[in-house]
Each structure stands twice: as C-alpha cells, then as structure tokens.
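Breakdown of the fold
Here are the chains, one letter per residue:
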Amino acid sequence: MSKIRLIKVSAEYAEKIMEYRSEFPAARERVTYDPDRIPGLDCLEDYGHVSDWLRFCQSMSGKITWYMSVREGDGKIVGFLVLRHRLEYDDDDPAFASHIGYSVCPSERGKGYAKEQLRLGLKEAKALGLDQVRIVCRDSNIGSKKTILANGGVYVDTIHGEESGMDIERYDIRLS
C-alpha cells in the first residue's frame, strides 16, 4: 500500500472526484438501500455538478466534513470518508446513524487503504473533541468489519432494517 493522506474535498479535485464516482457500478452498496449513493460521498447524487455538491459540503461546515483519501505517489483519490460531527447529521434512520462513512474505489480494494483511511478519520474525529464514534456496516460486508475491528471497533449489536431488509452491525470505537 502506498501512503495516503486525508484532504478535505475541494474544487481542485472536481475532475478526480467524478473519476472516482465513475468506478462504482450501478448497484452500489450502502448500509441503507439507495443505489445512487456511495459511502463517503453522501449527497453527491443530488447535484448535477461537483461544484454544486462542493457548495453543499461547505454549507455543512461545522456539522459534517468530507475527506478524500489521496495517494501521495500519484495523487489518485483511492477513497472517501465523511465525518459527521454528531450522529444527528446522518440523514438515515437514527438507529443506523454513523459518525463515519467511507468507501474505497473498486480498483484499489484489498490493499489496506480502508484500514488506513479509517485510522486517519479517527484522528480527525478525536481532533473535533469526540471521545467515541459509532460506525455501522452491513453484516455481509466482511471487508468493512475487518477494517472497523482493526481500528479498535467493539461490536455493539446487529439491527434489522425493515425498509432495506438488511442486517446492520453497529460498532463503537473509543478515541484515546
């Protein structure tokens, strides 16, 4: 795995954001069913242009922060992470709320980027003053479970989404 760093989303990366989005198949996975959404890119599907989405991201400053995981060697965006400063800013059912959502583009999976991306995201959460974060994933998402556990996740429980029909595992991570 090449070294990555988290960078707040910006217009400088607009074209690369669209390249990243285009790597995902039409049937994208998400905790709650919405085939147009990619974890870490919350709400991008609601906007016709990246510039409009970036304005939305700016309007949520102080509530939600979006980051790109950028590989240092070539500047490629290998992942996205959204950090919700409070669980109330997750627009899903509160039982399914998560402080952090993340994704790694399909061509870069299995290289350790998710684990490192979450580690860096937890540092950002701690810098915000959070002492614990809640993270959720589908029970079938083995990669995400491994990522959460590798970063100190403690299993809380599994809940069932009536609307989505999905079983969701909830984890807490204490930030020390």
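Structure's up top.
Throughout what follows, the structure given in this document is the object of discussion.

Reading the values: rules and limits
Residues numbered from 1 in each chain as written. Predicted model: local features only at pLDDT ≥ 70, side-chain atom pairs only at ≥ 80, totals over all residues. Heavy atoms only, no water. Pairing = 2+ DSSP bridges. Helix = DSSP H or I, 4+ residues; strand = E, 2+ residues; numbered from the N terminus. Axes fitted to C-alpha atoms, helices over the stretch in contact; angles between N-to-C directions. Contact = heavy atoms within 4.5 Å. Buried < 20%, exposed > 50% of the residue type's maximum accessible area, 1.4 Å probe, protein only. Phe/Tyr/Trp six-rings, centres within 6.5 Å; stacked < 30°, edge-to-face > 60°. Core = buried A, V, L, I, M, F, W, Y, C linked by side-chain atoms within 4.5 Å.

**Topic: the sheet that holds strand S5 (residues 132-138)**
Spatially, S5-S7-S6 is the arrangement adopted by the three strands of the open sheet, whose pairing is antiparallel. The sheet is open, and its two borders are formed by S5 and strand S6 (154-160), each paired with just one other strand. Taking the axes of each pair of neighbouring strands and ignoring which way they run, one obtains an average angle of 25 degrees across the sheet. Across six bridges, S6 lies against strand S7 (residues 167-174) in antiparallel orientation. Paired with Thr-158 across the two strands is Glu-169, which belongs to S7. On the sheet, helix H4 (residues 142-150) packs against S5 and S7 and is oriented at approximately 15 degrees with respect to S7.

**Topic: the sheet that holds strand S3 (residues 77-84)**
Pairing is antiparallel across the open sheet formed by four strands, whose spatial order is S1-S2-S3-S4. Whereas interior strands pair on both sides, the edge strands pair on one side only; in this sheet they are strand S1 (4-8) and strand S4 (100-104). Taking each pair of neighbouring strands and ignoring which way they run, the sheet shows an average axis angle of 20 degrees. Bridge analysis of S3 against S4 gives five bridges, and the strand direction is antiparallel. Among the inter-strand pairings, Val-82 is bridged to a residue of S4, identified as Gly-101.

**Points about the pairing of strand S2 (residues 64-71)**
Most of S2 sits out of view: eight of its eight residues are buried. Judged by which residues are buried, S2 turns out to be covered on both faces: Ile-64, Trp-66, Met-68 and Val-70 on one side and Thr-65, Tyr-67, Ser-69 and Arg-71 on the other are all buried. In the sheet, S1 pairs with S2 via five bridges, with the strands oriented antiparallel. Among the inter-strand pairings, Arg-5 is bridged to a residue of S2, identified as Val-70. Counting the residues in the hairpin turn of S2 and S3 gives five residues, including Gly-75, whose phi is positive at 75 degrees.

**Side note on the packing of aromatic side chains**
According to the stated counting rule, one finds five aromatic pairs in the structure shown. One aromatic cluster is present, built from ring pairs that chain together Tyr-47, Trp-53, Phe-56 and Trp-66.

**Considering the nonpolar core**
Residues Ile-17, Trp-53, Trp-66, Met-68 and Phe-80 are the most contacted members of the largest nonpolar core, which totals 24 residues. At the level of elements, helix H1 (14-22), helix H2 (50-59), S2 and S3 are the ones that each hand at least two residues to this core. Considering every element that reaches this core, the biggest residue donor is H2, with five residues. Each residue touching Met-68, except ones within four places of it in the same chain, is listed here: Arg-5, Leu-6, Ile-7, Lys-8, Val-9, Ser-10, Tyr-13, Ile-17, Ile-77, Gly-79 and Phe-80.

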